[in-house]
Amino acid sequence: MDRLKDLPSADRLRQRRKSIETTLSHLENERRQVEQNTEWMDRLAYQNRLRLLDRLTHWYHEEMGQIDQA
C-alpha cells in the first residue's frame, strides 16, 4: 500500500477501482456458492450470509460511484 502514496491521486483512484472490481467479482462468486449450497443446516445462517454479501456488494458499488465522480 505504501507505493500507492507515491502515485498521483487519479492513479490511486484507478488502482482502488480495480481492487474494488476484483473484490466484487469475489463477492459474486461467493454469493453463487452460497445459493448453490443446499445443505445449510440453519435457514437463518443462510439468509444472514446472503444479506452480508448484499450489503458488502452495495457498499463497494457506492465506493465505485464515488471514485467515478471524483
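Quantities reported herein were computed from a predicted structural model and do not represent experimental measurements.

Student: Mind laying out the overall build of the protein chain, listing which residues take part and the relevant values?
Tutor: The secondary structure content of the protein chain amounts to three helices and zero strands. Element order for the protein chain, N to C, with α for helix and β for strand: α-α-α. Taken against the 2.2 N^0.38 rule, which gives 11 Å for 70 residues, the C-alpha radius of gyration of the protein chain at 16 Å runs more than 25% over that of a compact globule. For the protein chain, the C-alpha atoms occupy an extent of roughly 50 × 20 × 15 Å along the three principal directions. Burial statistics for the protein chain: of 70 residues in total, 17% are counted as buried. Taking the intrachain contacts of the protein chain between residues at least 6 apart in sequence as the baseline, contacts between residues at least 24 apart amount to 54%. For the protein chain, the accessible area works out to roughly 5800 Å², and carbon and sulfur atoms hold 48% of it. Where the 13 positive side-chain charges of the protein chain centre and where its 13 negative ones centre are 2 Å apart.

Student: Just give me the short version of the packing of helix α2 (residues 9-36) against helix α3 (residues 43-69), but keep the residues and values in it.
Tutor: Running from N to C, α2 and α3 point in directions that differ by 160°, and their axes come no closer than 10 Å. By the criterion of interaxial angle, the relationship of α2 to α3 is roughly antiparallel. The interaxial crossing formed by α2 with α3 has left-handed handedness. Here the residues of the contact of α2 with α3 sort into 12 nonpolar, three polar and 10 charged.

Student: Pulling in residues and values, what's your account of α2?
Tutor: Relative to the 40 Å expected for 28 residues at 1.5 Å per residue, α2 spans 41 Å between its end C-alpha atoms, a close match to the ideal helical length. The complete set of buried residues in α2 reads I20, L24, L27 and V34. Contacts from the buried residues of α2 go to α3.

Student: Mind laying out the environment of D42, listing which residues take part and the relevant values?
Tutor: With respect to the helices, strands and loops of the structure, D42 is situated in the loop between α2 and α3. Among the residues examined, D42 registers a relative accessible area of 41% and is labelled partly exposed. For D42, the side chain forms a polar contact with the main-chain nitrogen of L44, separated by 2.9 Å.

Scoring rules and cut-offs
Residues numbered from 1 in each chain as written. Predicted model: local features only at pLDDT ≥ 70, side-chain atom pairs only at ≥ 80, totals over all residues. Heavy atoms only, no water. Helix = DSSP H or I, 4+ residues; strand = E, 2+ residues; numbered from the N terminus. Rg over C-alpha atoms; globule rule 2.2 N^0.38 Å. Buried < 20%, exposed > 50% of the residue type's maximum accessible area, 1.4 Å probe, protein only. Contact = heavy atoms within 4.5 Å. Areas by Shrake-Rupley, 256 points an atom, 1.4 Å probe, with all protein chains shown as cover. Lys, Arg positive; Asp, Glu negative; His and termini not counted. Charge placed at Lys NZ, Arg CZ, Asp CG, Glu CD. Axes fitted to C-alpha atoms, helices over the stretch in contact; angles between N-to-C directions. Parallel < 35°, antiparallel > 145°, perpendicular 65-115°, else oblique. Left-handed = near helix turned anticlockwise from the far one by under 90°. Nonpolar A, V, L, I, M, F, W, Y, C, P; charged D, E, K, R; others polar. Expected span 1.5 Å × (residues − 1). Polar contact = N/O pair within 3.5 Å; in protein donor to acceptor, adjacent residues only side chain to side chain.

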